[in-house]
Structure formats: C-alpha cells, structure tokens
Amino acid sequence: MFWFMQGLCFLPVFLVIWSSSTFIISYVISIFRKDVDVIFPYISDTGANPPESCIFGLMTFISACAGVVTMYARYKFVEKLSVETRVVSPRLNKTALVLGILSCFSMCIVATFQETTVVNVHDAGALLFFISGVLYIIVQSVISYQAYPFGSSVVVCRVRLGISILAAVAFFPTVICAFFVKQTTLHRDSKDQDYPFHLASAVCEWVVAFSFVCFFLTYIDDFKLFTLRVNTEFED
C-alpha cells in the first residue's frame, strides 16, 4: 500500500496541494495578463479580475470544503484519543473545530466578494480568516502538546509550535501595515508614500497564508493511523 493510501492521510495532502495551487495559479494568470505587479501583490489582488477571479473563487471554495473535512477528521481523531487517554480537553478540541470551520467560511467570503467590488465585506472576511486561522493552529499546537506522547511525536509538536509562532508574528504587521495603505489600485509604484506599508503587509500576508497551509502537512502522519466510517441506522 502506498503511503498516501494509509488511513486518511490523503486529506491533508490534497488540501495542501490544492490550496497552494490556488494561490500560485491565480498569481501566474494575473501576472501573465499584467493585472498585478510581479513583486508581492496581495493574494486577493491576484483574484480580483476575471478570468483569474473565477478560477480563484472556485478553487478557494474547494479548498474551504477540503479544509472543513480535514479539520473535522482531526477533531474526531483527537476526540477518540481523548476518550481513551483523557489527556486532551474536549472543550479545547471543540473550540479548535469551530475556529477551523470559521476560517474556511471566511475563505469563501474573501473569494466571493472581490476587493474591487465589495471592499468592506472582503476586508472583514480576510480579517476574520486570519484571526480564526491563526487561532486554530495555535489551539491545535496546544492540543498536540496535551496529547503527547499519545498523539504526535515531540518533533511534530515543535514544528507545529514553530509554524504557529511564525503565523502569529506575521499576522500583526499584515493587519497593522494594511491600515496605512491608502491606495487600492492593483498596480503600485515603489515611489508611492504608502508603498513600504503595502510591501510589508503583502509579504506578511503570504507568510501567514502559507504557514496556515503548511501546518496541515504535519497532519499526514497522524492521519495514517485512523479512518472514519458512516453508520446508517433505520428508525422504526
């Protein structure tokens, strides 16, 4: 049996590949069409104009669905682990699930309401995504340490903690610098007064986004250990 066929590890693998492709494909198309600048546009800039906006919206929706399924599978795994070992707080596990679903819902808002059409809704969705996404991986890092040694190895726990710290640190300049960006055009000039804030915010946004995506790579070994089954029962 191939490694990606063991348990449910295909879920995080698909999520990481598809989500990364979503960012990269929309970026490449927007660069090819000269809709954005080559040097670190906002992720949302790469999906602002058609046809890349259509591709970005569709692929983001699929990523959000895959994210919900993956997060739910992680929730059930931790729940089972908690029942057998009682080392993980069930409330903390449920909190992580809620934060994860909220982040996936926010992704759909960002992809559906482009920044060039409904700015306020788009920005609110992006802020909610970053907050809930960063909190999700932080809570999952805490859960990993609570479950050790019954869950992941100490190396995986440390990797998750490192990714969480990186995402949390990058989150603040992403949001703070964005408040100082006055221009909303897709093409920027390095001579613009607010360009340094735009560049810092955009770079940190990419860091946060890929930190969130790469965090799911650490799920692969865990997901090899279990499967989920649906039981159908008829009521008389």
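Residues numbered from 1 in each chain as written. Predicted model: local features only at pLDDT ≥ 70, side-chain atom pairs only at ≥ 80, totals over all residues. Heavy atoms only, no water.

Under the annotation held in an unreviewed UniProt entry, the chain carries the name DNA-damage regulated autophagy modulator 1 and is attributed to Seriola dumerili. Quoted verbatim from the Sequence similarities (unreviewed entry) field of UniProt, the annotation for the chain is "Belongs to the DRAM/TMEM150 family." UniProt lists a comment for the chain under the heading Subcellular location (unreviewed entry), and it reads "Endomembrane system". (UniProt positions renumbered as here; feature names shortened; annotations may be inferred.)

## Looking at the pattern of salt bridges
Applying the stated criterion to the full structure yields six salt bridges. With its nearest N and O atoms 2.7 Å apart, the salt bridge here joins E79 to K76. Here the residue E79 and the residue K76 both occupy positions in helix α2 (residues 52-85), the gap between them amounting to three residues, near one helical turn. We classify K76 as partly exposed; its relative accessible area is 26%. Here D222 ties to R160 by a salt bridge, and the two come within 2.8 Å at their closest N and O atoms. (Salt bridge = Lys/Arg side-chain N within 4 Å of Asp/Glu carboxyl O. Helix = DSSP H or I, 4+ residues; strand = E, 2+ residues; numbered from the N terminus. Buried < 20%, exposed > 50% of the residue type's maximum accessible area, 1.4 Å probe, protein only.)

## Quick look at the packing of helix α4 (residues 119-147) against helix α5 (residues 154-178)
Direction vectors running N to C along α4 and α5 enclose 155°, while the axes themselves pass 9 Å from each other. One way to sum up the angle between α4 and α5 is to call them roughly antiparallel. The two elements α4 and α5 cross, and the hand of that crossing is left-handed. Listed contacts from α5 to L127, F130, I131, V134, I137, I138, S141, S144 and Y145 of α4 are C157, R158, R160, L161, I163, S164, A167, A168, F171, T174 and V175. Taken together, the residues of the contact of α4 with α5 sort by class into 14 nonpolar, four polar and two charged. (Axes fitted to C-alpha atoms, helices over the stretch in contact; angles between N-to-C directions. Parallel < 35°, antiparallel > 145°, perpendicular 65-115°, else oblique. Left-handed = near helix turned anticlockwise from the far one by under 90°. Contact = heavy atoms within 4.5 Å. Nonpolar A, V, L, I, M, F, W, Y, C, P; charged D, E, K, R; others polar.)

## Digging into the UniProt feature "domain: CWH43-like N-terminal" (unreviewed entry) in the chain
Feature annotation in UniProt assigns "domain: CWH43-like N-terminal" (unreviewed entry) to the following positions: residues 9-224. A distance of 5 Å separates the end C-alpha atoms of residues 9-224, which is 74% helix and 0% strand.

## Points about the UniProt feature "transmembrane region" (unreviewed entry) in the chain
With numbering aligned to this structure, UniProt lists the feature "transmembrane region" (unreviewed entry) at residues 54-75, 96-114, 126-147, 159-181 and 197-220. As a span, residues 126-147 carries 100% helix and 0% strand, and end to end its C-alpha atoms are 31 Å apart. Helix and strand shares over residues 197-220 are 83% and 0% respectively, and the end C-alpha atoms of the span are 36 Å apart.

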